Amino acid sequence: MVETTADGDLLDLRKGRPAAGQDPVKRAQIIEGARRVFIDKGFEAASMNDITREAGVSKGTIYVYFANKEELFEALIEEERGTIFKNMYEVLDHFEDLRKTLVKFGMVLSAKITSAKVIQAQRTVVGASDRIPELGARFYERGPKRGHDKVMVFLNEAVERGLLAIDDVDLAAYQFTELCLAGLFRQCIFSYRTKAPSPAEIEHVVRSGVNVFLKAYGTEKLAAEEKASESV
């Protein structure tokens, strides 16, 4: 037996619980309402009633799509993760000039991670991780960890080409990303600065970080190639 909610979604009464929501527009509407509520009240204080009102849907409809606040929050975070890390690492797939590639990637990384939307998303995840630690772990594994692995692949290729000499590539990958965010990320995450860094600020930090990184790990072969390219 099937019943229709006030918003036109179906309830499967034979199973005794809402059938899975099928309308992607309505699902997005609920997630967007949840995003505003979580930002305004935080995870702990937010309720499904708050989200229902903000999203403009009935209580019956919201439970068709999400069983509880935790499930809705996880869907929101998964969407945020996709937004944050989408296309961020594509520049590493095109290995040309090592220094230029590192600078280009570093600028994309820094601009994305310090943007207002991404800073807010990271605060939200951190705020909920005490209550749902597995959610924070999944966010890290599917986002930052996958990105870190891509940086490692790139650095390993540079090592194989004889351009870098690195004993611990895992550590070096972390060092590189930290250098690209030096003095910017913490200021943003703790609201010390109220606006995202300008492109000029980001470029200054990234170029300096790349210089430090290559001074630490660059080989004589890299130095010779860069000197030869300067004389052309």
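The rules behind each value
- Residues numbered from 1 in each chain as written.
- Predicted model: local features only at pLDDT ≥ 70, side-chain atom pairs only at ≥ 80, totals over all residues.
- Heavy atoms only, no water.
- Helix = DSSP H or I, 4+ residues; strand = E, 2+ residues; numbered from the N terminus.
- Rg over C-alpha atoms; globule rule 2.2 N^0.38 Å.
- Contact = heavy atoms within 4.5 Å.
- Expected span 1.5 Å × (residues − 1).
- Buried < 20%, exposed > 50% of the residue type's maximum accessible area, 1.4 Å probe, protein only.
- Polar contact = N/O pair within 3.5 Å; in protein donor to acceptor, adjacent residues only side chain to side chain.
- Disulfide = S-S within 2.5 Å.
- Salt bridge = Lys/Arg side-chain N within 4 Å of Asp/Glu carboxyl O.
- Core = buried A, V, L, I, M, F, W, Y, C linked by side-chain atoms within 4.5 Å.
- UniProt positions renumbered as here; feature names shortened; annotations may be inferred.
- Axes fitted to C-alpha atoms, helices over the stretch in contact; angles between N-to-C directions.
- Parallel < 35°, antiparallel > 145°, perpendicular 65-115°, else oblique.
- Left-handed = near helix turned anticlockwise from the far one by under 90°.
- 1 Å grid on protein atoms, 1.4 Å probe; cavity = no way out; pocket = protein on both sides within 12 Å on 5 of 7 lines; lining within 4 Å.
- Points joined across faces, edges and corners; volume = space filled by probe spheres on them.
- Phe/Tyr/Trp six-rings, centres within 6.5 Å; stacked < 30°, edge-to-face > 60°.
- Lys NZ or Arg CZ within 6 Å of the ring centre and 35° of its normal.

### Describing the overall build of the protein chain
- A count of helices and strands for the protein chain gives twelve helices and three strands.
- For the protein chain, the C-alpha radius of gyration of 23 Å lies well beyond 17 Å, the compact-globule estimate for 232 residues.
- Referenced to the eigenvectors of the C-alpha coordinate spread, the extents of the protein chain come out at roughly 75 × 35 × 30 Å.
- A separation threshold of at least 6 residues defines the contact pool for the protein chain, and within that pool the share at least 24 residues apart is 68%.

### Side note on helix α5 (residues 98-113)
- The first and last C-alpha atoms of α5 sit 22 Å apart over 16 residues, in line with the 22 Å expected at 1.5 Å per residue.
- The complete set of buried residues in α5 reads Leu-98, Thr-101, Leu-102, Val-103, Phe-105, Gly-106, Leu-109, Ser-110 and Ile-113.
- The N-capping residue of α5, defined by a side-chain oxygen 3.1 Å from the backbone nitrogen of Arg-99, is Asp-97.

### Considering the state of the cysteines
- Scanning the model with the defined rule gives zero disulfides in all.
- In this model Cys-180 remains outside any disulfide bridge; the closest cysteine sulfur is found in Cys-188, 15 Å from its own.
- Residue Cys-188 is classed as buried on the basis of its relative accessible area, which comes to 5%.

### Quick notes on helix α6 (residues 116-129)
- Compared with an ideal rise of 1.5 Å per residue, which puts 14 residues at 20 Å, α6 spans 20 Å between its outermost C-alpha atoms and is within 8% of the ideal.
- Turning to α6, its buried residues number three or more, namely Val-118, Ile-119, Ala-121, Gln-122, Thr-124, Val-125 and Ala-128.
- Looking at the buried residues of α6, the elements they touch are α1 (24-45), α4 (69-85), α5, α7 (133-142) and α10 (185-189).

### Focus on the pattern of salt bridges
- In the structure shown here, the tally under the stated rule is twelve salt bridges.
- Across the pair Glu-32 and Arg-36 runs a salt bridge, and its minimum N-O distance is 3.7 Å. A residue pair is termed a helical-turn pair when its members lie 3 or 4 positions apart in one helix, as Glu-32 and Arg-36 do in helix α1 at four residues.
- Under the relative-accessibility criterion, Glu-32 is labelled partly exposed at 32%.
- A salt bridge links Arg-193 to Glu-201, with the shortest nitrogen-to-oxygen separation between them at 3.1 Å.
- Beyond isolated ion pairs, a larger network of salt bridges with shared partners links Glu-32, Arg-35, Arg-36 and Glu-54.

### What about the nonpolar core?
- The biggest cluster of nonpolar side chains holds 63 residues, and the ones touching the most others in it are Leu-72, Leu-98, Leu-155, Leu-164 and Phe-213.
- Non-local contacts of Phe-213, meaning those with residues more than four positions away in its chain, are made with Leu-102, Leu-155, Leu-164, Ile-166, Ala-172, Phe-176, Leu-179 and Gly-218.

### Topic: the UniProt feature "domain: HTH tetR-type" (unreviewed entry) in the protein chain
- UniProt's entry tags residues 24-84 with the feature "domain: HTH tetR-type" (unreviewed entry), counted in the numbering of this structure.
- Between the end C-alpha atoms of residues 24-84 the distance is 20 Å, and the span holds 87% helix and 0% strand.

### Quick notes on the packing of α1 against helix α2 (residues 48-55)
- Between α1 and α2, the least distance of the axes is 8 Å, while the angle of their chain directions is 140 degrees. One finds that α1 runs oblique with respect to α2. Between α1 and α2 lies a crossing whose hand is right-handed. Contact with α1, carried on its side by Gln-29, Ile-30, Gly-33, Ala-34, Arg-36, Val-37, Phe-38, Lys-41 and Ala-45, involves Asp-50, Ile-51, Glu-54 and Ala-55 of α2 and no other residues of that element.

### Examining the side chain of Thr-114
- Residue position: Thr-114 is located in the loop between α5 and α6.
- In contact with Thr-114, not counting residues within four places along its chain, are Ile-119, Leu-181, Leu-184, Phe-185, Cys-188, Ala-196, Pro-197 and Ile-202.

### A short note on the layout of surface pockets
- Empty space within the largest pocket amounts to approximately 620 Å³.
- Forming the walls of the largest pocket are 25 residues, and the residues nearest its centre are Ile-113, Gln-122, Tyr-140, Pro-144 and Phe-185.
- What lines the second largest pocket is a set of 14 residues, among which Phe-85, Lys-86, Asn-87, Tyr-89 and Lys-150 lie closest to the centre.

### Here we look at the UniProt feature "DNA-binding region" (unreviewed entry) in the protein chain
- In the numbering adopted here, UniProt assigns the feature "DNA-binding region" (unreviewed entry) to residues 47-66.
- Taken end to end, residues 47-66 has its terminal C-alpha atoms 13 Å apart, with 75% of it in helix and 0% in strand.

### Here we look at the packing of aromatic side chains
- According to the stated counting rule, one finds seven aromatic pairs in the structure shown.
- Ring plane angle 85 degrees and centroid distance 4.9 Å describe the contact between Phe-38 and Phe-73, whose orientation is recorded as edge-to-face. With Phe-38 in helix α1 and Phe-73 in helix α4, this pair connects stretches of sequence that are 35 residues apart. The pair Phe-38 / Phe-73 is uniform in exposure class, with both members buried.
- Relative to Phe-213, the ring of Phe-176 lies with its centre 5.3 Å away and its plane at 70 degrees, an arrangement referred to as edge-to-face. Of this pair, Phe-176 sits in helix α9 (residues 169-180) while Phe-213 sits in helix α11 (residues 199-217); the two residues are 37 residues apart in sequence, bridging distant segments of the chain.
- A network of ring pairs unites the aromatic residues Tyr-89, Phe-105, Phe-176, Phe-213 and Tyr-217 as a single cluster.
- One residue, Lys-69, lies across the ring of Phe-43, its end atom 4.5 Å from the ring centre.

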